[in-house]
Amino acid sequence: MITVKDIFSVTLILFSVIDILGSVPIVIDLRKKQGKIHSGRATIISGALMIAFLFLGQSILKLFGLDVGSFAVAGAIVMFIIAMEMILGVTLFRNEGESKAGSIVPLAFPLIAGAGTLTTILSLRAVYETPNILIGIVINLLFVYLVLKSTNWLERKIGESGFNILRRVFGIILLAIAVKIFKEHIGLIG
């Protein structure tokens, strides 16, 4: 059943994990190195990855003999680590190498639809209904597209210190969400 509260929760969770605002400095740097970012292409590829994982993720789990509860806890741990990166300003997950296809690698994957996002989507399936997750994904993709299109303007208006503040605020929110998912699913394992 579609509920506004669940859509809002899913949207906020994905917004925190994707952290497109916190990634703007990386996007700006990528744009400076490669000259142009294909916002539409990056958004569409990211969306295709997220939606494919939403529908095929459970089948992949079954293939490896894993249950959603275990994956949800694993996803909560990944979200916890990402939140700690955001709060502490450290990098634990690294992007290996550079590519001339900057709109796809590293922008669409792993920056927007990376391991944290895909893990979170599958973890969300254990808590929320699929239509609410789909709407949350679409809302986030629209926001990602707008941010990618607005990086020049954002660079001038918010500045580096503003991005650092936003990154930490969303890190704390993500940390609380990770703890909640972990708490809800720890009893399901075993």
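Only a predicted model underlies this, so the values are computations on that prediction, with no experimental measurement involved.

*Asks:* Tell me about the side chain of Thr 119, and please be specific about residues and values.
*Replies:* Counting through the fold element by element, Thr 119 comes out in helix 6 (residues 115-125). Looking at Thr 119, the relative accessible area reads 14%, which means it is buried. Sequence-distant contacts of Thr 119, defined by excluding residues within four places in its chain, comprise Phe 71, Ala 74 and Gly 75.

*Asks:* Please set out a nonpolar patch on the surface residue by residue, giving values where relevant.
*Replies:* Together, Phe 55, Leu 56, Ile 60, Leu 63, Phe 64 and Leu 66 give the surface a local cluster of nonpolar side chains, amounting to about 650 Å² of exposed area. Considering the arrangement of structural elements, one finds Leu 63 in helix 3 (residues 39-63). For Leu 63, a relative accessible area of 68% corresponds to the exposed category.

*Asks:* So, the packing of helix 4 (residues 68-88) against helix 9 (residues 159-185): which residues are in play, and what are the values?
*Replies:* In contact at an axis separation of 8 Å, helix 4 and helix 9 are set at 160 degrees when each is read in the N-to-C sense. Here helix 4 lies roughly antiparallel to helix 9, going by the angle between them. For the crossing formed where helix 4 meets helix 9, the hand is left-handed. Of helix 9, the residues touching helix 4 (which contributes Gly 69, Ala 72, Val 73, Ala 76, Met 79, Phe 80, Ile 82, Ala 83, Met 84, Met 86, Ile 87 and Leu 88) are Arg 167, Arg 168, Phe 170, Gly 171, Ile 172, Leu 174, Leu 175, Ile 177, Ala 178, Ile 181, Phe 182 and His 185. Within the contact of helix 4 with helix 9, the residues separate by chemical class into 19 nonpolar, three polar and two charged.

*Asks:* Residue-level account of the environment of Ile 37, with values.
*Replies:* Among the structural elements, Ile 37 can be located in the loop between helix 2 (20-34) and helix 3. Not counting the four nearest positions on each side in its chain, Ile 37 is found in contact with Val 27, Leu 30, Arg 31, Ser 103 and Leu 107.

Conventions used here
Residues numbered from 1 in each chain as written. Predicted model: local features only at pLDDT ≥ 70, side-chain atom pairs only at ≥ 80, totals over all residues. Heavy atoms only, no water. Helix = DSSP H or I, 4+ residues; strand = E, 2+ residues; numbered from the N terminus. Buried < 20%, exposed > 50% of the residue type's maximum accessible area, 1.4 Å probe, protein only. Contact = heavy atoms within 4.5 Å. Patch = residues over 30% accessible without salt bridge, like charges linked within 9 Å, V, L, I, M, F, W, Y side chains within 5 Å. Areas by Shrake-Rupley, 256 points an atom, 1.4 Å probe, with all protein chains shown as cover. Salt bridge = Lys/Arg side-chain N within 4 Å of Asp/Glu carboxyl O. Axes fitted to C-alpha atoms, helices over the stretch in contact; angles between N-to-C directions. Parallel < 35°, antiparallel > 145°, perpendicular 65-115°, else oblique. Left-handed = near helix turned anticlockwise from the far one by under 90°. Nonpolar A, V, L, I, M, F, W, Y, C, P; charged D, E, K, R; others polar.

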